[in-house]
Amino acid sequence: MAKIGVIMRTKDRPILLRRALQSVTQQTFRDWQLVVVNDGGDPRPVEDLLASLDAESQRKITLVSHPESVGMEAASNVGLSKLKTEYAMIHDDDDSLHPEFFEKTTSYLDKPPHPRVKGAITRTTRIIEKLENGTVEVLDQFPFHDWAESISLRRMIAQNFIAPICFVFNREACEEVGAFREDLPVLGDWDFNVRFLEKYEIGIIPEFLAYYHDRSNPDDPNYTTTFSGKLHLHVFYDNFLRNEWLRKDMEEGKTGRGIIANQAIMFRDSAWEIKKDISKKIDDSNRD
């Protein structure tokens with residue numbers, strides 16, 4: 001059994017998939033397993049990329065190809081079912097890792113600060129890029145949510161603030177809390193993170209070892225990030241989950257996810273209104 005397992009979902013993005021595969025094969029920690037889930041894309045480019053890897057890497061990789069897409073979360077669950085590892089993570093085909101990511105995360109989880117710690121994240125760099133003529137150009141990069149000093153359940157219920165690429169979790173703990181909801185086309189990671197934190201702790205490794213790539217490619221929607229390309233779905237399912245949680249709280253007559261999640265939105269909206277009022281008063285004062 002390998003120490004860490006990686007699930008890589010992909011569909012018709014060979015340029016980015018090549019980078020993602022290198023992100024795994026170039027890790028200093030070598031005890032890994034990778035499941036590539038080709039979710040409805042052309043299988044030939046994926047097969048060619050895998051065939052170009054060294055023999056050692058090829059032995060550690062399992063390819064699952066779906067004739068038609070089953071969706072991101074179902075693809076993740078297929079990958080999970082193929083893993084025989086102690087730890088697991090989701091590595092999207094457009095993100096990447098520092099070569100020491102596996103080494104640092106597995107070392108931390110092997111000797112956690114408390115037995116309830118069953119997951120770990122690293123600091124993350126957000127990279128803004130564009131794809132042009134088959135070449136990826138970096139436009140900007142900056143820390144992503146580096147203000148977080150701890151991963152609290154309360155804060156996670158309010159809003160998802162970690163990227164999947166930085167999160168490694170105990171595979172058995174994942175099975176215990178339940179894997180990814182296949183009825184959610186987006187925000188399945190948020191729902192999973194909340195359920196995980198309801199039972200276990202997630203520690204922080206204060207090193208920038210994960211890279212969350214973001215781009216918008218209107219000429220080729222295959223290469224647009226999920227958030228940019230499906231913003232309308234993120235808005236809908238953000239509200240969908242908050243309503244679902246709140247209805248459950250109301251039915252059970254308790255304070256739970258729903259109350260916390262919706263209060264967070266109310267506070268955010270109130271803060272925004274206050275900010276607008278202050279800005280208006282400053283503008284009026286400057287005109288006077």
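Here, every reference points to the structure presented above.
What counts and how
Residues numbered from 1 in each chain as written. Predicted model: local features only at pLDDT ≥ 70, side-chain atom pairs only at ≥ 80, totals over all residues. Heavy atoms only, no water. Helix = DSSP H or I, 4+ residues; strand = E, 2+ residues; numbered from the N terminus. Contact = heavy atoms within 4.5 Å. Areas by Shrake-Rupley, 256 points an atom, 1.4 Å probe, with all protein chains shown as cover. Salt bridge = Lys/Arg side-chain N within 4 Å of Asp/Glu carboxyl O. Core = buried A, V, L, I, M, F, W, Y, C linked by side-chain atoms within 4.5 Å. Buried < 20%, exposed > 50% of the residue type's maximum accessible area, 1.4 Å probe, protein only. Pairing = 2+ DSSP bridges. Right-handed = clockwise from strand over helix to strand, strands pointing away. Axes fitted to C-alpha atoms, helices over the stretch in contact; angles between N-to-C directions. Left-handed = near helix turned anticlockwise from the far one by under 90°. Phe/Tyr/Trp six-rings, centres within 6.5 Å; stacked < 30°, edge-to-face > 60°. Lys NZ or Arg CZ within 6 Å of the ring centre and 35° of its normal.

With that settled, consider the overall build of the protein. The helix and strand inventory of the protein stands at 11 helices and 9 strands. A fraction of 75% describes how many contacts in the protein between residues 6 or more apart in sequence connect residues 24 or more apart. Accessible surface computed for the protein: about 14700 Å², of which carbon and sulfur atoms make up 51%.

Under the criterion given, the structure shown has 26 salt bridges. Via salt bridges that share partners, Arg13, Arg19, Asp93, Asp94, Glu129 and Arg215 belong to a single interconnected network.

Glancing now at the nonpolar core. Counting 69 residues, the largest nonpolar core has Leu34, Phe102, Ile151 and Phe196 as the members making the most contacts within it. Take this core: its biggest share by element is 6 residues, from strand E9 (residues 201-214). Setting aside residues up to four positions removed in sequence, Phe102 forms contacts with Ile4, Val6, Val24, Gln27, Phe29, Trp32, Met89 and Leu97.

One non-glycine residue, His145, lies in positive phi territory at about 50 degrees. Its place among the elements puts His145 in the loop between strand E7 (135-144) and helix H6 (153-158).

Across the two faces of strand E8 (residues 167-170) the burial is the same, with Phe167 and Phe169 and Val168 and Asn170 all buried. The pairing of strand E4 (residues 85-90) with E8 spans 2 bridges and is classified as antiparallel. Residue pairing across strands places Tyr87 opposite Asn170, the latter belonging to E8. Where strand E6 (residues 117-132) lies against E8, 3 bridges are found, and the strand directions are antiparallel. Across the sheet, residue Ile121 finds its bridge partner in E8, namely Phe167.

Most of strand E2 (residues 32-39) sits out of view: 8 of its 8 residues are buried. Because side chains alternate across E2, one face comprises the buried residues Trp32, Leu34, Val36 and Asn38, and the other comprises Gln33, Val35, Val37 and Asp39, equally buried. You can see the chain leave strand E1 (residues 2-10), run along helix H1 (residues 14-25) and come back into E2, and the turn it takes is right-handed. Relative to strand E3 (residues 61-66), E2 runs parallel, the two being bridged by 6 bridges.

To continue, consider the packing of helix H8 (residues 188-197) against helix H10 (residues 231-252). Following both chains from N to C, one finds H8 and H10 inclined at 35 degrees, their axes separated by 10 Å at the closest point. When you trace H8 past H10, the crossing you get is right-handed. Facing Trp190, Asp191 and Val194 of H8, the residues of H10 in contact are Asp238, Leu241, Arg242 and Trp245.

This part covers helix H4 (residues 72-82). For H4, the set of buried residues is Glu73, Ala74, Ala75, Ser76, Asn77, Gly79 and Leu80. Against the buried residues of H4 lie E1, E2, E4, E8, helix H7 (171-177) and H8.

Quick look at the packing of aromatic side chains now. Here the distance between the centres and the angle between the planes together describe a pair of aromatic rings. Taken as a whole, this structure holds 15 aromatic pairs when the rule is applied. Arranged with centres 5.6 Å apart and planes meeting at 90 degrees, the rings of Phe167 and Phe196 form a pair that is edge-to-face. With Phe167 in strand E8 and Phe196 in helix H8, the pair connects residues that are 29 residues apart, well separated along the chain. The same class applies to Phe167 as to Phe196, namely buried. The rings of Phe167, Phe169, Phe180, Phe192, Phe196 and Tyr200 are connected pair by pair, giving a single aromatic cluster. In this arrangement the basic side chain of Lys60 is found over the ring face of Trp32, its NZ or CZ atom lying 4.8 Å from the centre. Arg155 extends its terminal NZ or CZ atom over the ring of Phe161, reaching a point 5.3 Å from the ring centre.

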